[in-house]
Number of protein chains: 2
Amino acid sequence: MNIESKYRVEPGSEVDLSTWKTDDADGVDRDQIEAQTEANTLAISELQHKLYAQQQRSVLIVLQAMDAAGKDSTIRRVFGRVNPQGVQVTSFKRPTEDERAHDFLWRIHQHTPRRGHIAIFNRSHYEDVLVARVDDLVKKDRWSKRYDIINGFEQGLVNGDTEIVKIYLHLSKDRQKQKLTQRLTDPTKNWKFEAGDISTRSKWDQYMTAYQDAISICNTNHAPWYIVPTDRKWYRVFVISEIVRATLESINPQFPDPKLDPASAMKLLEQIT
Amino acid sequence: MNIESKYRVEPGSEVDLSTWKTDDADGVDRDQIEAQTEANTLAISELQHKLYAQQQRSVLIVLQAMDAAGKDSTIRRVFGRVNPQGVQVTSFKRPTEDERAHDFLWRIHQHTPRRGHIAIFNRSHYEDVLVARVDDLVKKDRWSKRYDIINGFEQGLVNGDTEIVKIYLHLSKDRQKQKLTQRLTDPTKNWKFEAGDISTRSKWDQYMTAYQDAISICNTNHAPWYIVPTDRKWYRVFVISEIVRATLESINPQFPDPKLDPASAMKLLEQIT
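On a predicted model such as this, the values are computed, not experimentally measured, just so you know.

### A word on the confidence of the model for chain A
Then comes step 1: Taken over all residues, the pLDDT of chain A has a mean of 95, while the share at 70 or more is 100%.
Then comes step 2: Taken together, the chains of this predicted complex give a pTM of 0.88 and an interface ipTM of 0.79.

Now the structure itself:
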């Protein structure tokens, strides 16, 4: 079974996160995997170049995870070789007053990718059925209607020639503790630690329930979810590079035909002294 | 003399582009230069990481050039190793109707970098004193006032903790012809060729005059111009990597102090089962 389909959630299925692995790298040859990751990042860079040249399709990659799962380092590793001109990363943080004065998708929609581009969402509209639900930021009457609204929104993007990939970085509670502890003790990582990380961790089970619902209800054929084992960085980066590569390969972008007839353009060029 | 200051235009000087080299790599050891470029891109990536962590200062890099000078490939090479999360590239194309309905800096201002970020402008507000002037898109009465407006705008950005670097990729007319010919004959490059490239080339001298004025009048201590020899790619990429590295080193970003006391945060973390 290929890696991309192994971690893809079957549409229509009910997700129980406790049955999904947070570490799936036992017995796997790390050197071989890292060589494959390297090959994938190069392939992604080439495919992105054609996607950008062709300007027909776009790609939206949604990354969601508990704190310290490694979203930032994943972005750095998987997309480190692409031309930054064709890739936009948006980190959605606590909404501003202006953003809260609109519907929850208003600020999201402003950052969806234009044709030829890849957009990466570091957190996304899914926070509006995750933290908004767990922390009671809006009433149930309101957040419970958002799943259908999200499905409709994503359908609209797909209809506008955007390919959507949604990835949940599945981290174990034990591994999170190790990583938060590292953050606290390493001065080059400490700046990432937020007071909110502690209170979020204390609501772990509620978050798992909220993730399960979001992934189950919003896992459509046109915008599938992937659940990626995240405890080991090298394996996580490998799996995500496989998913992104497979997605770009399915688009199969090509350099476009010349806008001008090369021969007549050459003649015009020759006429300029 | 170091590379960064060698190609920096002295504030207050009148620029004559014919006295600036488009190729300055004779007798230079290419292997040694490429190793230095590689070291620079790694250093830039590390410095960007700290800039991003500290969230105090931002950097705006303006790239201007005649067609086919290599702005795109320069961005790819110099910034290929930085985390795309902290770098935004904006390509300013022909203004939309909505953009033309505002003052010329309106669309530009929306893309200036937030604290901790690097923004790269692939073309910029300088087009409003270049193509706008050469092609008579606005009257002289209007474009001639824009230089002072640009200086004021850039002063405002600097006052908001943005470091500005402006780079003119200085390409010879002969080399442009070679590169445009390559574009026409190479199917992986042909998509970059625009009908406008020919008409722009036919106004080469007018563009040189417009560039000279823009660089001379808008070359301030707070937002200097660099004129980079561009005919050879490996040397151009090297010089720009030197400039960017020197700029980031002058900012000297540092990982910030912990937001929380690590010891008390650790205690709170231990209390969560």
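Now that the structure is up, let's keep going.
### Focus on the packing of aromatic side chains
Residues and elements named next belong to chain A.
Then comes step 1: Applying the stated rule across the entire model yields 16 aromatic pairs over all chains.
Then comes step 2: Here Y7 and Y235 contribute two aromatic rings whose centre-to-centre distance is 6.5 Å and whose plane-to-plane angle is 85 degrees, an arrangement assigned as edge-to-face. Here the residue Y7 occupies a position in the loop between α1 (3–6) and α2 (30–54), and Y235 occupies one in helix α12 (residues 233–251), the gap between them amounting to 228 residues. Comparing Y7 with Y235, the two get one shared label, buried.

### Points about the packing of helix α2 (residues 30–54) of chain B against helix α12 (residues 233–251) of chain B
Residues and elements named next belong to chain B.
Then comes step 1: Between α2 and α12, the least distance of the axes is 9 Å, while the angle of their chain directions is 35 degrees. Between α2 and α12 the crossing geometry is left-handed. Here R30, I33, E34, Q36, T37, A39, N40, A43, I44, L47 and L51 of α2 lie close against α12, whose contacting residues are W234, V237, F238, S241, E242, V244, R245, L248, E249 and I251.
Then comes step 2: Within the contact of α2 with α12, the residues separate by chemical class into 12 nonpolar, four polar and five charged.

### Observations regarding the relation of the copies chain A and chain B
Then comes step 1: Placing chain A over chain B gives an RMSD of 0.0 Å and needs a rotation angle of 180 degrees, together with 0.0 Å of translation along the axis. Each copy turns onto its partner about a two-fold axis. For chain A, the residue whose C-alpha comes nearest the rotation axis is P84 of chain A, separated from it by 3.0 Å.
Then comes step 2: Both copies share a contact surface, since 100% of the interface residues of chain A are interface residues in chain B too.

### Some words on unusual backbone geometry
Then comes step 1: The phi dihedral of R123 of chain A falls on the positive side, at around 70 degrees, and the residue is not glycine.
Then comes step 2: Inspection of the secondary structure puts R123 of chain A in the loop between β3 (118–122) and α6 (131–134).

### Concerning the interface of chain A and chain B
Then comes step 1: In this complex, chain A contributes 46 residues to the contact, which on the side of chain B involves 46 residues.
Then comes step 2: Counting each side, the surface lost to burial between chain A and chain B is near 4,600 Å², with a carbon and sulfur contribution of 62%.
Then comes step 3: Summed over the shared surface of chain A and chain B, the number is four salt bridges.
Then comes step 4: A salt bridge links K259 of chain B to E194 of chain A, with the shortest nitrogen-to-oxygen separation between them at 3.1 Å.
Then comes step 5: Applying the counting criterion to the chain A and chain B interface returns 14 residue pairs in polar contact (both at pLDDT 80 or more).
Then comes step 6: Along the lines of polarity and charge, the residues of the side of chain A that touches chain B split into 23 nonpolar, 14 polar and nine charged.

### Regarding the pairing of β3 of chain A
All names here are of chain A.
Then comes step 1: Within β3, five of the five residues are buried, which leaves it mostly tucked inside the rest of the structure.
Then comes step 2: By the alternation rule, side chains of β3 split into I118, I120 and N122 and A119 and F121, which are all buried.
Then comes step 3: In this sheet, β3 lies alongside strand β1 (residues 58–65) in parallel orientation, the contact comprising five bridges. Of the residues in β3, the one forming a bridge with V62 is F121.
Then comes step 4: Bridge analysis of strand β2 (residues 87–91) against β3 gives five bridges, and the strand direction is parallel. The residue of β3 that forms the bridge with Q88 is A119.

### Some words on the pairing of β1 of chain A
The side chains of a regular strand alternate between the sheet's two faces.
All names here are of chain A.
Then comes step 1: Counting buried residues along β1, eight of its eight residues qualify, which places the element largely inside the surrounding structure.
Then comes step 2: Burial along β1 is two-sided: S58, L60, V62 and Q64 facing one way and V59, I61, L63 and A65 facing the other are all buried.
Then comes step 3: In terms of strand pairing, β1 meets strand β4 (residues 162–170) through eight bridges, oriented parallel. Considered in β4, the bridge of A65 is made with L169.

### Re the pattern of salt bridges
All names here are of chain A.
Then comes step 1: Considering all chains together, one arrives at 42 salt bridges over all chains under this definition.
Then comes step 2: D24 is the salt-bridge partner of K6, the closest N and O atoms lying 3.2 Å from each other. Residue K6 is located in helix α1, and its partner D24 is located in the loop between α1 and α2; the two are separated by 18 residues in the primary sequence.
Then comes step 3: Accessibility expressed as a relative area gives 37% for K6, which makes it partly exposed.
Then comes step 4: The class for D24 is buried, based on a relative accessible area of 14%.
Then comes step 5: When the shortest N-O distance is used, the salt bridge between R123 and D67 registers 2.9 Å. In this pair, R123 sits in the loop between β3 and α6 while D67 sits in the loop between β1 and α3 (71–78), placing the two residues 56 residues apart along the sequence.

Rules behind the numbers
Residues numbered from 1 in each chain as written. Chains lettered and ligands numbered in written order. Predicted model: local features only at pLDDT ≥ 70, side-chain atom pairs only at ≥ 80, totals over all residues. Heavy atoms only, no water. pLDDT = per-residue confidence, 0-100. Phe/Tyr/Trp six-rings, centres within 6.5 Å; stacked < 30°, edge-to-face > 60°. Helix = DSSP H or I, 4+ residues; strand = E, 2+ residues; numbered from the N terminus. Buried < 20%, exposed > 50% of the residue type's maximum accessible area, 1.4 Å probe, protein only. Axes fitted to C-alpha atoms, helices over the stretch in contact; angles between N-to-C directions. Left-handed = near helix turned anticlockwise from the far one by under 90°. Contact = heavy atoms within 4.5 Å. Nonpolar A, V, L, I, M, F, W, Y, C, P; charged D, E, K, R; others polar. Least-squares fit on C-alpha atoms with pLDDT ≥ 70 in both. Buried area = accessible area lost by both parts, 1.4 Å probe. Salt bridge = Lys/Arg side-chain N within 4 Å of Asp/Glu carboxyl O. Polar contact = N/O pair within 3.5 Å; in protein donor to acceptor, adjacent residues only side chain to side chain. Pairing = 2+ DSSP bridges.

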